[in-house]
Amino acid sequence: MDGHDRDHRLLAGFLAGDLDPAAARRWDEHLLACEQCWRTVREDRSGRQAAQVLRQPAPPGLADRVAFAVEIAAAGRSAGRPWRRPGARSRRLVRPGNRLGWQRIAGAGVLVAGLAVTLAVLLFPGGPQTRSVPAAVAAVARYAQAVPSPAHPHPDGQAAPVEVGRPVTVTAGGQQIVMRTWRLAGVQAVVAVSGQPFRMPPGATRDSGGGMAWSARLGRVSLYCLNGRTSELVAAPVPIAELEALAARLPLA
Amino acid sequence: MSGDHRAFLDATLPYLDVVYQVARHAAGDGQEPEDLVQETYLRAYAAFGSYRGENTRAWLATICMNVARSEARRRRRRPWEVPARSLLDALPVARADDGEGVPDVADVVIAGLDAQAVSRCLALLPKPQRVCIVLMDVAGYTARETAQVLGCPRGTVLARVHRGRRRLARLLAEAGVSHGRP
């Protein structure tokens, strides 16, 4: 076959399995006889195998981080829907002849809503409280809950904290937060740092020593917050009484 | 909270490894691949409502490269530089804290040196060839998907990747690194 350089495009098609059986067979036969084309094929294979050395799996935790970021974005999206003045739409739809019908529907709606609120309070006493947790605090708590427990905890009381993974930056409720995960004394704690203060969630306890510290429990995670020039929020799956001592051993901002 | 983000994650998270390969090589200096992956997914989520679902992994690669380009423009740096990563970062092995799955030290060092050499040589290729090699040989995209991501004919992709592989092999041979078996 003449004009090897011109045929490289054809050879690329042959290597990709693009050629019809007859053309592929002609190339097979040609390669047996042509050292130059055979060298070209070897170089192609060698280059491909070399490039494959660069493959590496995504780091552990990246899927959780991405899922978390999307979840935060989804929460922000649903919270960011344009606020509509109550009644604005219904007033446009109501015509004089329909007024009685709308009043009946409204009355039934009030009754159903009242029943739902009563049931929610009876069945989920913490429900309304949880809903009013500041977005930034809720985001840190949710992230801390997603952090997997160490496979082999080493509850060595003297060990220094070890950072796990990379810092994660998220924005929740308009507040930018950098979260780092630390392993210490057999638990993994999340230290969240923000330039804005973390607001106290309902049910939180202000630190008895005064100042701007508070602690709270959300789900299986305890939270301890120090609000100062920067604000640090520590979250870990430990009893709330143990968290302050744990936080004292973690590198805060 | 609505379930659309759950549907989005179900549709896209299976391709995280693939997107990560693209991000590692598309990330410019000072840009972390993990940040690029996160931003890719956030942009994809924002556009998920209008996505028609032709080829999800090609769609994600396109977004990842666009994000990398935007970020590179913002930083006034060149994208598609192969980042100079630490030896351990360049290893194609899983690391475990408890000692399980940790390969022999000699294997680790050799694999790391090879990966570094390949990275250096890959960085010397013309950008179109480098991009095609990263998408096809590193990330595992097909020629058709690569053509879709780059917006060029499939034949062009095949020709670029072929020339790039040969050049890469020659550069590695000059550097004294050999790959593949005859």
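Because the structure is a prediction, the values reported are computed rather than measured.

*Asks:* Would you mind going over the overall build of chain B with me for this structure?
*Replies:* Along its length, chain B carries eight helices and zero strands. From first element to last, N terminus to C terminus, chain B shows the α and β order α-α-α-α-α-α-α-α. Every one of the 182 residues in chain B was classed for burial, and the buried ones make up 45%. Relative to all contacts within chain B whose residues are 6 or more apart in sequence, the contacts with residues 24 or more apart total 67%.

*Asks:* Sorry if this is basic, but what is going on with the interface of chain A and chain B here?
*Replies:* Where interface size is quoted, it is often the accessible area lost as the parts come together. Counting from both sides, the interface comprises 41 residues of chain A and, opposite them, 42 residues of chain B. Of all the secondary structure elements, the ones that give two or more residues to the side of chain A that touches chain B are α1 (4-15), α3 (35-52) and α4 (62-79) of chain A. Grouping the amino acids of the side of chain A that touches chain B by side-chain chemistry returns 21 nonpolar, ten polar and ten charged.

*Asks:* How should the packing of helix α6 (residues 127-138) of chain B against helix α7 (residues 143-150) of chain B be read in this particular structure?
*Replies:* Axes are the key here: two packed helices are described by the angle between their axes and the distance separating the axes. Residue and element names in this part refer to chain B. Axis separation between α6 and α7 bottoms out at 9 Å; the angle between their running directions is 135°. Between α6 and α7, the angle falls in the class oblique. Between α6 and α7 the crossing geometry is right-handed. Residue-level contacts link Val 131, Cys 132, Leu 135 and Met 136 of α6 to Ala 143, Thr 146, Val 149 and Leu 150 of α7.

How each quantity is defined
- Residues numbered from 1 in each chain as written.
- Chains lettered and ligands numbered in written order.
- Predicted model: local features only at pLDDT ≥ 70, side-chain atom pairs only at ≥ 80, totals over all residues.
- Helix = DSSP H or I, 4+ residues; strand = E, 2+ residues; numbered from the N terminus.
- Buried ≥ 20, exposed ≤ 12 C-beta atoms within 10 Å, placed from the backbone.
- Contact = placed C-beta atoms within 7 Å.
- Nonpolar A, V, L, I, M, F, W, Y, C, P; charged D, E, K, R; others polar.
- Axes fitted to C-alpha atoms, helices over the stretch in contact; angles between N-to-C directions.
- Parallel < 35°, antiparallel > 145°, perpendicular 65-115°, else oblique.
- Left-handed = near helix turned anticlockwise from the far one by under 90°.

Everything listed is a geometric property; what it means functionally is a separate question.
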